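Okay, here's what each chain looks like letter by letter:
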Amino acid sequence: MRIQLLQPGPGRPIGSSMIGAGVTLVLFGILVVVFPDLLALLFAGFTIFFGFALIGWGWRMRQIGRRSSTDDLPPWPPAE
């Protein structure tokens, strides 16, 4: 018999995933209360990660923008 407490699937409502996420957040909150320096590390990690993600996303959008110049597009609305 296999126990699947927090895994969504057939016959399991999405609520069990939400409960798992809630338990995880509560545990992180308790860890931050016990170890206050952990909050600074978590915040620094998230900001560095999302900063690099935005830089990469912006870089990719700039490349796409350069490849699709307006000279290559047909006139709009189409001439009749």
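Because the structure is predicted, anything quoted here is derived from the model rather than measured.

What counts as what
Residues numbered from 1 in each chain as written. Predicted model: local features only at pLDDT ≥ 70, side-chain atom pairs only at ≥ 80, totals over all residues. Heavy atoms only, no water. Helix = DSSP H or I, 4+ residues; strand = E, 2+ residues; numbered from the N terminus. Buried < 20%, exposed > 50% of the residue type's maximum accessible area, 1.4 Å probe, protein only. Areas by Shrake-Rupley, 256 points an atom, 1.4 Å probe, with all protein chains shown as cover. Phe/Tyr/Trp six-rings, centres within 6.5 Å; stacked < 30°, edge-to-face > 60°. Expected span 1.5 Å × (residues − 1). Arc of directions from axis to C-beta. Contact = heavy atoms within 4.5 Å. Patch = residues over 30% accessible without salt bridge, like charges linked within 9 Å, V, L, I, M, F, W, Y side chains within 5 Å. Salt bridge = Lys/Arg side-chain N within 4 Å of Asp/Glu carboxyl O.

## Points about the overall build of the protein
Next, step 1: Helix and strand content of the protein: two helices and zero strands.
Next, step 2: In the protein, buried positions account for 4% of the 80 residues.
Next, step 3: On the protein, roughly 7,600 Å² of surface is accessible, and the fraction owed to carbon and sulfur atoms is 74%.

## Side note on the packing of aromatic side chains
Next, step 1: Enumeration according to the criterion identifies two aromatic pairs in this entry.
Next, step 2: Aromatic pair Phe46 and Phe50: ring centres 6.4 Å apart, planes at 20°, arrangement stacked. Of the two residues, Phe46 and Phe50 both sit in helix α2 (residues 37–67), four residues apart, roughly one turn of that helix.
Next, step 3: Ring centres of Phe49 and Phe50 lie 5.2 Å apart, and the angle between their planes is 70°; this geometry places the pair in the edge-to-face category.

## Here's the deal with helix α1 (residues 15–34)
Since the α-helix advances by 3.6 residues per turn, residues separated by three or four positions end up pointing in the same direction.
Next, step 1: With 20 residues, α1 should reach 28 Å at 1.5 Å per residue; the first-to-last C-alpha distance of 29 Å fits that figure.
Next, step 2: All of the buried residues along α1 are Ser16, Gly20 and Val32. Summarising the axial view, the buried residues of α1 lie within an arc of 160°, below the 170-degree limit, and thus occupy one face. Of the residues in α1, the exposed ones pointing more than 90 degrees away from the buried face are Met18, Ile19, Leu25, Val26 and Val33.
Next, step 3: In the core, the buried residues of α1 are packed alongside α2.

## So, a nonpolar patch on the surface
Next, step 1: Residues Ile19, Val23, Val26, Leu27, Phe28, Ile30, Leu31, Val33, Val34 and Phe35 make up a contiguous nonpolar surface patch of about 960 Å² in total accessible area.
Next, step 2: Checked against the element boundaries, Ile30 lands in helix α1.

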